[in-house]
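# Overview (structure and organization)
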Amino acid sequence: MSYVSGFVPVIPLRNAVLFPGISMPLKVGREKSVQSLQKALANQKWIVLLTQKNPDINAEKVEDLPTIGTLCKIDSFKKEEDGSYSIFVTANQRIRVVKMQQSNGMFEALTEALDDISNIDGKTQEALLASLKQISFETLDLLGRHMRRVKEWISDIDDLSLLTNVCAAHADFSLKEKQDLLEMVDIKERALKILDLLQEQKERLKIQIGIRDKLTENINQSQRESILREQMRVIREQLGDEDSKSALENYEAKIKAANMPQEALDLATSQLRRLESMNSASPEYQIIRTHLDLMVGLPWDKSSEQQEIDLEAAERILNEDHFGMEKIKKRILQHLAVMKLRKSHQGSILLFVGPPGVGKTSLGKSIAKALGKKYVRAALGGVRDDAEIRGHRRTYIGALPGRIISGIKKAGENDPVFILDEIDKLSRSYNGDPASALLETLDPEQNSSFQDHYLDTPFDLSKVLFIATANTLETIPGPLLDRMEVIELSGYTMEEKKQIAKRHLWPKQLKEHGIEEAQLDITDEALTKVITDYTREAGVRELQRKIATICKFMSLRIVKAAGEKITVNLADLDEIFGAERFSYDMIESVLPAGVVTGLAWTPVGGDILFIETEEMPGNGQLLLTGQLGEVMQESTKIALSLLKARLPLFDPSIDFSKKEIHVHVPAGAIPKDGPSAGVTMLTSIASKLLKKPVSPKLAMTGEISLRGSVLPVGGIKEKVIAAHRAGVTEVILCKKNQKDLREVPEEIKKDMEFHFVDNVNDVLKIALDVELPNFMKRDLGNSAPFSPGAMN
């Protein structure tokens, strides 16, 4: 009895035969098949599956399809992006096509059911069921352990007809054999046929497994032969075969060509003789070869082309590569002039000290370029093992030469410009002190015979121009610092940063981002704002990153602009960077009594700060806030002691014993220290006590002593630049700091007035217009003349 009546859509199959009781996923992609599927889905989801007689062609005619197939139910379907369908069907019944027609290009069939014919008794059926299971298990065992679940499934089947369908569907039979089995309605005939086919498949699998095992055995044999050949090669080398002989001859030729000093030549020859008599399988064989490779690879007598130092060319290169830094470039040219007069580099060890990003390492590159020599750089930050400098002894596994010898080998010349970067960040541990190991390297009297532990023979470093860089001198050991000539690099002014950005950073970033100069520009106002409000550094490293951010942001606009030039202005910066990250303190239009503008130095340049003083009734105590360091606290106490001694002489009504004075420095989260705020502290306290405000356009810096002297301080250039940037027009400095103004750019000095003082009385006269008694003259006037007789 058929499940359906009338015509049912037909889908031709190319490479599959579906048996009753079996479920299978199918891919439907041909146009006619898709039409048939869609019609089936629109009705009751019944479909007839017929396997094509020829799978290599499309079924265009009724004659291309058999008359026996299966009636299937579509359990699920999914439409793919390419218009095809993935379906899952279950075969319900074997059918015969009674009539077939083509409608709108697709096949439809009128079918009748083909039921199984069972003309066997119970014992025969049990015997056939057991035989099919046994041969199925044997075949599955040959296929591997991954067929375990299939075996479990088959063992649970007790129906002979279903078992024949399962075996026929999953066995490795040809399409014709499967179609023949489908057309067999007699269960006994079908079972016997499957037994024959499974027996053939089992024998075929046994043969394939035998071939595979034999192939594996042959591969293992090939591996054994390869090992034996390697052993034979070693034996031939030991017997003086040509390959071994040529390698030794090659080393011998390289040793002769290297022109080593006698001590190094003796060591290399000794190592070569050991290599000749050594078994290549020995662990030490490769150690000696690596050592010889280093020795013959070092530039023992290979120097750069000896050329006269051209000071004009060197000056031109320094000016092209670095803007400003006139004092530094002058020092470098003087150093090169000495080298030109001496015709020797011996003793030439420089140390560039300055904040990050001011161009220390790039100055080394420029010097190498000016001298026409190779450039080598060794990063020493975080190095804590002296073996990094002097190498490991060859007795250790994985031993390597130190960074000095490795750098010289890499350069290929014995007189490169060698940069020892971040020398202030060397550390020490139980492995040794690398700073001490550098003493021999940087000592002109010793480095002509520098001995690396791995090389194990002296190497002449006297021709190398060593240049060290550091951010601070505080962490460099004294003996090491004593061997270098220190050149200090201060931070750039805002105008210098602006020029560096225009001449170097902006063109460089345009090139790196593939932008033409005619496509993108930036206004001076926008560039100034980037420098002042979005970066705070002594160098220009962060500024370069900000310019790169601008280029990235504007690249999309450039692409959309279709050739029009885009200019970055002030309005664009807020969109690119967001809110301003930094804001320099600016002077106020009016300052109350007790508030005075001071000048401070920071690692990223100068800045102004406000010293605030408040008085209240009390018992003479001094309260300090603002995270002040010990030195700064002591300066405040000295200022208060001076005022206690001198202000009552000017105004007797001031009674310190009945007042409590509170001194505060804003930005309380930032630690502050140093003696340079002494004059500012004194002026702030005096201003509050005398109720006299100080001009907001006046700033000051200087240390004070207990006798009222104003002492010189450092960082004058950075402090004056910060004062100018903040709108200060008058600055009070120690008279001994007058010489430091030579480093301040003229465009800043012409806008400012400088007062140079010796003692605190001069400070208070300028700041508060207060005349205090001169203690020095008063004390000398009251003292009796000295007489030798008074000693008796």
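So, here's what we can say about the structure. In this text the structure is predicted, and so the values were computed from the model without any measurement. (Residues numbered from 1 in each chain as written. Predicted model: local features only at pLDDT ≥ 70, side-chain atom pairs only at ≥ 80, totals over all residues. Heavy atoms only, no water.)

## Some words on the overall build of the protein
- Along the backbone of the protein there are 26 helices and 24 strands.
- Considered along the principal axes of its C-alpha atoms, the protein spans approximately 155 × 80 × 60 Å.
- The 792 residues of the protein split such that 47% are buried.
- When the accessible surface of the protein is split by element, carbon and sulfur atoms take 51% of a total near 40900 Å².
- Of the charged side chains in the protein, 105 are positive and 115 negative; the average position of the first set lies 1 Å away from that of the second. (Helix = DSSP H or I, 4+ residues; strand = E, 2+ residues; numbered from the N terminus. Buried < 20%, exposed > 50% of the residue type's maximum accessible area, 1.4 Å probe, protein only. Areas by Shrake-Rupley, 256 points an atom, 1.4 Å probe, with all protein chains shown as cover. Lys, Arg positive; Asp, Glu negative; His and termini not counted. Charge placed at Lys NZ, Arg CZ, Asp CG, Glu CD.)

## Some details on the side chain of Ser684
- Locating Ser684 in the fold gives a position in helix H22 (residues 678-690).
- Taking the relative accessible area as the measure of exposure, Ser684 reaches 0% and is therefore buried.
- Every residue in contact with Ser684, bar those within four places of it in the chain, is listed here: Gly594, Val595, Val596, Ile611, Glu612 and Thr613. (Contact = heavy atoms within 4.5 Å.)

## Thoughts on the packing of helix H2 (residues 122-143) against helix H3 (residues 148-155)
- Where H2 contacts H3, the axes come no closer than 10 Å and their chain directions differ by 175°. Considering the angle they form, H2 stands roughly antiparallel to H3. From H2, Lys133, Ser136, Phe137, Leu140 and Asp141 reach across to H3, where they touch Val150, Lys151, Ile154 and Ser155.
- Counted by class, the contact of H2 with H3 contains four nonpolar, two polar and three charged residues. (Axes fitted to C-alpha atoms, helices over the stretch in contact; angles between N-to-C directions. Parallel < 35°, antiparallel > 145°, perpendicular 65-115°, else oblique. Nonpolar A, V, L, I, M, F, W, Y, C, P; charged D, E, K, R; others polar.)

## Looking at the environment of Met632
- Topologically, Met632 is positioned in helix H21 (residues 630-650).
- Linking Met632 and Gly678, residues 46 residues apart in sequence, is a C-alpha distance of 7.6 Å.
- Ignoring any residue separated from it by four or fewer positions in sequence, one finds Met632 in contact with Val665, Lys672, Asp673, Gly674, Ala677 and Met681.

## Here we look at the nonpolar core
- By size, the foremost hydrophobic cluster in this structure holds 53 residues, and its most contacted members are Phe352, Leu520 and Ile550.
- Take this core: its biggest share by element is seven residues, from helix H19 (residues 541-561).
- Not counting residues up to four positions away in its chain, the partners in contact with Ile550 are Trp506, Ile522, Val530, Val568, Leu573, Ile576 and Phe577.
- Judged by nonpolar contacts, the second largest core, of 52 residues, contains Met278, Val296, Val376 and Tyr454. (Core = buried A, V, L, I, M, F, W, Y, C linked by side-chain atoms within 4.5 Å.)

## Some words on the state of the cysteines
- The tally for this structure, following the rule as stated, stands at zero disulfides.
- In this model Cys167 remains outside any disulfide bridge; the closest cysteine sulfur is found in Cys72, 19 Å from its own. (Disulfide = S-S within 2.5 Å.)

## Focus on the pattern of salt bridges
- In total, this model carries 35 salt bridges according to the counting rule given.
- With a shortest N-O distance of 2.8 Å, Lys425 and Glu422 are connected by a salt bridge.
- Taking relative accessible area as the criterion, Glu422 reaches 25% and is therefore assigned partly exposed.
- Note that Lys425 is salt-bridged to Asp424, the shortest N-O span being 3.3 Å.
- By relative accessible area, Asp424 is classed as buried at 6%.
- Ionic contacts of the salt-bridge type, sharing partners, join the residues Arg94, Asp116 and Arg190 into one network. (Salt bridge = Lys/Arg side-chain N within 4 Å of Asp/Glu carboxyl O.)

## Observations regarding the packing of aromatic side chains
- On inspection of all chains with the given rule, the structure shows five aromatic pairs.
- Each ring, one from Phe418 and one from Phe466, has its centre 5.6 Å from the other, and the planes form 40°; the classification is tilted. With Phe418 in strand S9 (residues 417-421) and Phe466 in strand S12 (residues 465-470), this pair connects stretches of sequence that are 48 residues apart.
- You can call Phe466 buried: its relative accessible area is 0%.
- Consider the rings of Phe754 and Phe756, whose centres lie 6.5 Å apart with planes at 20°: the pair is stacked. (Phe/Tyr/Trp six-rings, centres within 6.5 Å; stacked < 30°, edge-to-face > 60°.)

## Thoughts on the environment of Lys374
- With respect to the element layout, Lys374 can be found in the loop between helix H12 (360-371) and strand S8 (375-379).
- Accessibility expressed as a relative area gives 40% for Lys374, which makes it partly exposed.
- Residues in contact with Lys374, not counting those within four places in the same chain, are Ala368, Ala411, Glu413, Pro416 and Val417.
- Within the structure, the side chain of Lys374 is placed 3.1 Å from the backbone oxygen of Ala411, a separation counted as a polar contact. (Polar contact = N/O pair within 3.5 Å; in protein donor to acceptor, adjacent residues only side chain to side chain.)

## Here's the deal with the environment of Thr361
- By secondary structure assignment, the location of Thr361 is in helix H12.
- You can call Thr361 partly exposed: its relative accessible area is 23%.
- Separated by 253 residues in sequence, Thr361 and Glu614 place their C-alpha atoms 48 Å apart.
- Beyond its immediate chain neighbours, meaning those up to four positions away, Thr361 contacts Tyr375, Arg377, Asp421 and Thr469.
- One polar contact links Thr361 to Asp421, side chain to side chain, over a distance of 3.3 Å.

## Re the pairing of strand S16 (residues 595-602)
- The buried fraction of S16 amounts to six of the eight residues, a majority that puts the element mostly inside the structure.
- Sheet analysis places S16 next to strand S20 (residues 698-700), joined by two bridges and oriented parallel. Counterpart to Thr597 in the pairing with S20 is Ala699. (Pairing = 2+ DSSP bridges.)

## Quick word on the side chain of Gln52
- Considering the arrangement of structural elements, one finds Gln52 in the loop between strand S3 (46-51) and strand S4 (68-79).
- Using a relative accessible area of 5% as the deciding quantity, one classes Gln52 as buried.

Such coordinate-based values are descriptive only and should not be taken to indicate function.
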